[in-house]
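Chains, contacts and geometry: an overview
Here is how the chains run, residue by residue.
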Amino acid sequence: MSLYRSAAELPVGTVDMGTTAFTTTLVHGHEASLMVAERPGGYHSRPHTHDCEQLNLLQSGELHVYCDERAYLLHPGDVLRIPAGAIHWSWNRADEPCVLIEVHAPGLQGDPGIAPIAVALFDEAEVATGGGAVNVDVELPAEFVARVEALAPAVAA
């Protein structure tokens, strides 16, 4: 184990969000995880929640994010916080992929869909902690989802 890992040592995995998948790397410590996720054009996650705060920074592309009956269109450099327990989902309405950097506290390293690619960053003397938050899909009426998604601004041309 180590506090440092080179980019070449970090596995890239696929996370299935039910309707579409994305590729990602994920590192974690005791209290938080950091994910760099590339979402392809057309990516659309299911509404879900988790018992962790999520901070998002869009690195490239565009991404619509829906949270608490609000719609946000993120552009490169934009940031968005998802409170712990909030129902949220995202949709890359563009044809091009986007890259989203996510920080979760507590981390998502315990989520069964992500755990196989999670890389711990601990010193040799540290005891790695497990656990963390888990994504939980939430069933919402299709009419509700459509109404919230209709609030979103259009994708830039």
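This text goes with the structure placed above it.
Focus on the overall build of the chain
- Counting secondary structure elements, the chain contains one helix and 12 strands.
- Its C-alpha atoms give the chain a radius of gyration of 16 Å, within 12% of the compact-globule value 15 Å for 157 residues.
- Principal axes of the C-alpha set define a box for the chain whose edges measure 50 × 30 × 25 Å.
- Taking all 157 residues of the chain together, 39% fall into the buried category.
- Across the chain, the fraction of contacts at a sequence separation of at least 24, relative to all contacts at a separation of at least 6, is 72%.
- Carbon and sulfur atoms form 58% of the exposed surface of the chain, whose accessible area is close to 7,900 Å².
- Considering the chain, the positive charge centre built from 7 side chains and the negative charge centre built from 21 side chains are found 6 Å apart.

Considering the pattern of salt bridges
- Going through the model one piece at a time under the given rule, you end up with four salt bridges.
- Residues Arg39 and Glu102 are paired through a salt bridge, measuring 2.7 Å at the closest nitrogen-oxygen approach. Taken together, the residues Arg39 in strand β3 (residues 33-39) and Glu102 in strand β10 (residues 98-105) connect sequence positions 63 residues apart.
- What makes Arg39 buried here is its relative accessible area of 5%.
- Taking the relative accessible area as the measure of exposure, Glu102 reaches 4% and is therefore buried.
- Between Arg46 and Asp137 there is a salt bridge whose closest N-O contact spans 3.3 Å. Of this pair, Arg46 sits in the loop between β3 and β4 (48-49) while Asp137 sits in strand β12 (residues 136-137), placing them 91 residues apart in sequence.
- In this structure Asp137 comes out as partly exposed when scored by relative accessible area, which is 39%.

Concerning the side chain of Asp111
- Mapped onto the elements of the fold, Asp111 is located in the loop between β10 and β11 (118-120).
- Notably, Asp111 is buried but unbridged: the nearest opposite-charge side chain belongs to Arg39, and the N-O separation is 11 Å.
- Once you skip the residues sitting within four places of it in the chain, Asp111 turns out to touch Ala133, Val134 and Asn135.

Here's the deal with the nonpolar core
- Within the largest apolar cluster, 11 residues are counted, these being Val15, Phe22, Leu26, Met35, Ala37, Tyr43, Cys52, Leu108, Ile114, Ile117 and Ala133.
- Contributing elements (two or more residues each) for this core: β2 (21-28) and β3.
- What Leu26 contacts, discounting residues up to four positions off in sequence, is Ser33, Leu34, Met35, Gln109, Ile114, Ile117, Ala118 and Val119.
- Formed by 10 residues, the second largest nonpolar core is a distinct cluster that contains Leu63, Cys67, Leu80 and Ile82.

Looking at helix α1 (residues 142-149)
- Taken together, the buried positions of α1 are occupied by Val145, Val148 and Glu149. Along the axis of α1, the buried residues cluster in a sector spanning 95°; they form a single face.
- Those residues of α1 that are buried lie in contact with β6 (63-67), β7 (70-74) and β9 (88-91).

Details of the state of the cysteines
- In total, this model carries zero disulfides according to the counting rule given.
- The thiol sulfur of Cys52 is not disulfide-bonded, and the nearest other cysteine sulfur, from Cys67, lies at 12 Å.

Observations regarding the pairing of strand β5 (residues 53-60)
- Across seven bridges, β5 lies against β10 in antiparallel orientation. Note that in β10 the partner of Gln54 across the bridge is His104.
- Where β5 lies against strand β8 (residues 79-82), four bridges are found, and the strand directions are antiparallel. Within β8, the residue paired with Leu55 across the bridge is Arg81.

What counts as what
Residues numbered from 1 in each chain as written. Predicted model: local features only at pLDDT ≥ 70, side-chain atom pairs only at ≥ 80, totals over all residues. Heavy atoms only, no water. Helix = DSSP H or I, 4+ residues; strand = E, 2+ residues; numbered from the N terminus. Rg over C-alpha atoms; globule rule 2.2 N^0.38 Å. Buried < 20%, exposed > 50% of the residue type's maximum accessible area, 1.4 Å probe, protein only. Contact = heavy atoms within 4.5 Å. Areas by Shrake-Rupley, 256 points an atom, 1.4 Å probe, with all protein chains shown as cover. Lys, Arg positive; Asp, Glu negative; His and termini not counted. Charge placed at Lys NZ, Arg CZ, Asp CG, Glu CD. Salt bridge = Lys/Arg side-chain N within 4 Å of Asp/Glu carboxyl O. Core = buried A, V, L, I, M, F, W, Y, C linked by side-chain atoms within 4.5 Å. Arc of directions from axis to C-beta. Disulfide = S-S within 2.5 Å. Pairing = 2+ DSSP bridges.

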